[in-house]
Amino acid sequence: TDLWSIMAASDDLGQDYCETENIYQTTLKLYTEMFGENTDHVNIAMAMRNLGSVYLNSHMECKNPCKCLKQARSYSKRALDMFRRIHGEKSVHADIIGVMHNLGQIYFSLEAGDSNRKAEQCFKEALSLLRRHHGENADHRDIADTLYRQGRFYKDRRQSAEANSTLKKALEMYQKLYNNHAHLD
């Protein structure tokens, strides 16, 4: 069986995080055995990214949400480091941007120590990478989504001016992209 098929099938499992976690843990173990413990390989990095996403998305259902978020952070940071070694430190590759989004959400959810600063830093870096990739003044859904996440971060941190400004930019971009029509994905 192709490991990509296993990973794709796990996306259909919905909220069964335990089963999804087991699939990704097994996938990571198999890829690590296949490519080597100290090998930078995109499949290993993707398995780590996916585990980070599972822990992030399931943290509210965990008995210990903080532990789940810390696992999410650990896998996501390892995935980011590996993706950067694979694609290049200054790359604007979608793999790197996706992990930056996840890390922003993880730090946003942790709410401890310097997590606020790190969350903001992740959102800003993801936005910068997206603008480099799509063009500084481009209107793109990924840019609008990142602006929205960043605006929500500011809103939850009671930074009203930043929240209003950022959410307004996101709304304006969504309106341009979808010609003021409701758009459901």
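Predicted model only: the values in this text are computed from it and were never measured. All residue numbers refer to positions counted from 1 along the written sequence of the respective chain. Per-residue local features of the predicted model are confined to residues with pLDDT of at least 70, and side-chain atom pairs are confined, for both listing and counting, to 80 or more; whole-chain, interface and lining totals are unaffected and use all residues. For side-chain calculations, the full set of non-hydrogen atoms in the structure is used, while hydrogens and water are omitted.

Explanation requested: the overall build of the protein chain in the structure shown.
Helix and strand definitions follow DSSP, with helices as H or I runs of at least four residues and strands as E runs of at least two, each counted in order from the N terminus. Regarding its fold elements, the protein chain presents eight helices and zero strands. Moving toward the C terminus, one meets the helices and strands of the protein chain in the order α-α-α-α-α-α-α-α. Remark: exposure states derive from per-residue accessible area (1.4 Å probe, protein chains only) relative to the maximum for the residue type, with buried under 20%, exposed over 50%, and partly exposed in between. When each of the 185 residues of the protein chain is scored for burial, the buried share is 40%. Pairs of residues are marked as contacts when any of their non-hydrogen atoms sit within 4.5 Å. The contacts in the protein chain between residues at least 6 apart in sequence include a share of 57% that link residues at least 24 apart. Entry remark: accessible area of the protein chain is about 10,600 Å², with carbon and sulfur atoms responsible for 47%. All accessible areas in this document rest on Shrake-Rupley with a 1.4 Å probe, and a residue is counted as covered only by the protein chains that are shown.

Explanation requested: the pattern of salt bridges in the structure shown.
Here, a salt bridge means any side-chain nitrogen of Lys or Arg that lies within 4 Å of a carboxyl oxygen of Asp or Glu. For the structure shown, the criterion picks out nine salt bridges. Notably, a salt bridge pairs lysine 29 with glutamate 33, separated by 3.7 Å at the nearest N-O pair. With lysine 29 and glutamate 33 both in helix H2 (residues 17-35) and four residues apart, this pair spans about one turn of that helix. One salt bridge connects arginine 49 with aspartate 95, and the closest N-O pair in it is separated by 3.8 Å. Highlighted residues: arginine 49 in helix H3 (residues 42-58) and aspartate 95 in helix H5 (residues 94-110), separated in sequence by 46 residues.

Hey, could you run me through the environment of alanine 144 in this one?
Checked against the element boundaries, alanine 144 lands in helix H7 (residues 141-156). On the basis of relative accessible area, alanine 144 is assigned to the buried category, the value being 0%. Remark: the alpha-carbon pair of alanine 144 and leucine 171, spanning 27 residues in sequence, is separated by 7.5 Å. Non-local contacts of alanine 144, meaning those with residues more than four positions away in its chain, are made with Ala170, Met173, Tyr174 and Leu177.

Sorry if this is basic, but what is going on with the packing of H3 against helix H4 (residues 65-87) here?
In a pair of packed helices, the angle between the axes and the distance between the axes together describe the arrangement. Between H3 and H4, the shortest axis-to-axis distance is 8 Å and the interhelical angle comes to 155°. With respect to each other, H3 and H4 are oriented roughly antiparallel. At the point where H3 passes H4, the crossing takes the left-handed sense. Two secondary-structure elements touch here, H3 through Val42, Ile44, Ala45, Met46, Met48, Arg49, Leu51, Gly52, Tyr55 and Leu56 and H4 through Cys68, Leu69, Gln71, Ala72, Tyr75, Ser76, Arg78, Ala79, Met82, Phe83 and Ile86. Here the term charged refers only to Asp, Glu, Lys and Arg, the term nonpolar to Ala, Val, Leu, Ile, Met, Phe, Trp, Tyr, Cys and Pro, and the term polar to all other amino acids, Gly among them. Across the contact of H3 with H4, the residue classes break down as 16 nonpolar, three polar and two charged. An axis is simply a line fitted to the C-alpha atoms; with a helix, the fit covers only the stretch in contact. Between two such axes, the angle follows the N-to-C directions and lies from 0 to 180 degrees. Angular relationships are summarised with four words: roughly parallel below 35 degrees, roughly antiparallel beyond 145, roughly perpendicular across 65 to 115, and oblique for the angles in between. Handedness of each helix crossing follows the sense of rotation of the near helix against the far helix: counterclockwise by less than a right angle gives left-handed, clockwise gives right-handed.

How should unusual backbone geometry be read in this particular structure?
Among all residues save glycine, negative phi is the norm, and among peptide bonds the norm is trans. For arginine 158, which is not glycine, the phi torsion reads 60° and is therefore positive. Looking at where arginine 158 falls in the secondary structure, it is placed in the loop between H7 and helix H8 (160-177). The exposed category is assigned to arginine 158, whose relative accessible area is 74%.

Hey, could you run me through the packing of aromatic side chains in this one?
Geometry of an aromatic ring pair is reported as the spacing of the ring centres plus the angle between the planes. Aromatic pairing here means that ring centres of Phe, Tyr or Trp (its six-membered ring) are within 6.5 Å. Orientation follows from the plane angle: under 30 degrees is stacked, over 60 is edge-to-face, and everything else is tilted. Here the structure, examined in full by the defined rule, presents five aromatic pairs. Counting every residue linked through ring pairs, the aromatic cluster contains Phe108, Phe123, Phe153 and Tyr154.

Would you explain the state of the cysteines in this entry?
Linking two cysteines covalently through their sulfur atoms gives a disulfide. In this description, the term disulfide denotes a pair of cysteine sulfurs within 2.5 Å. Evaluation of the coordinates by the stated rule reveals zero disulfides. With no disulfide of its own, cysteine 66 has cysteine 68 as its nearest cysteine by sulfur position, at a separation of 9.5 Å. For cysteine 66, a relative accessible area of 35% translates into the label partly exposed.

Explain the nonpolar core here, please?
Looking at soluble globular proteins, one finds that nonpolar side chains tend to be buried together. Among buried residues, the Ala, Val, Leu, Ile, Met, Phe, Trp, Tyr and Cys ones that are joined through side-chain atoms within 4.5 Å form a nonpolar core. Grouped together as the largest cluster of nonpolar side chains are 45 residues, with contacts concentrated most on Leu28, Met48, Phe83, Met100 and Leu103. Where this core is concerned, the elements lending two or more residues are H2, H3, H4, H5, helix H6 (115-134), H7 and H8. What methionine 48 contacts, discounting residues up to four positions off in sequence, is Leu28, Tyr75, Arg78, Ala79 and Met82.

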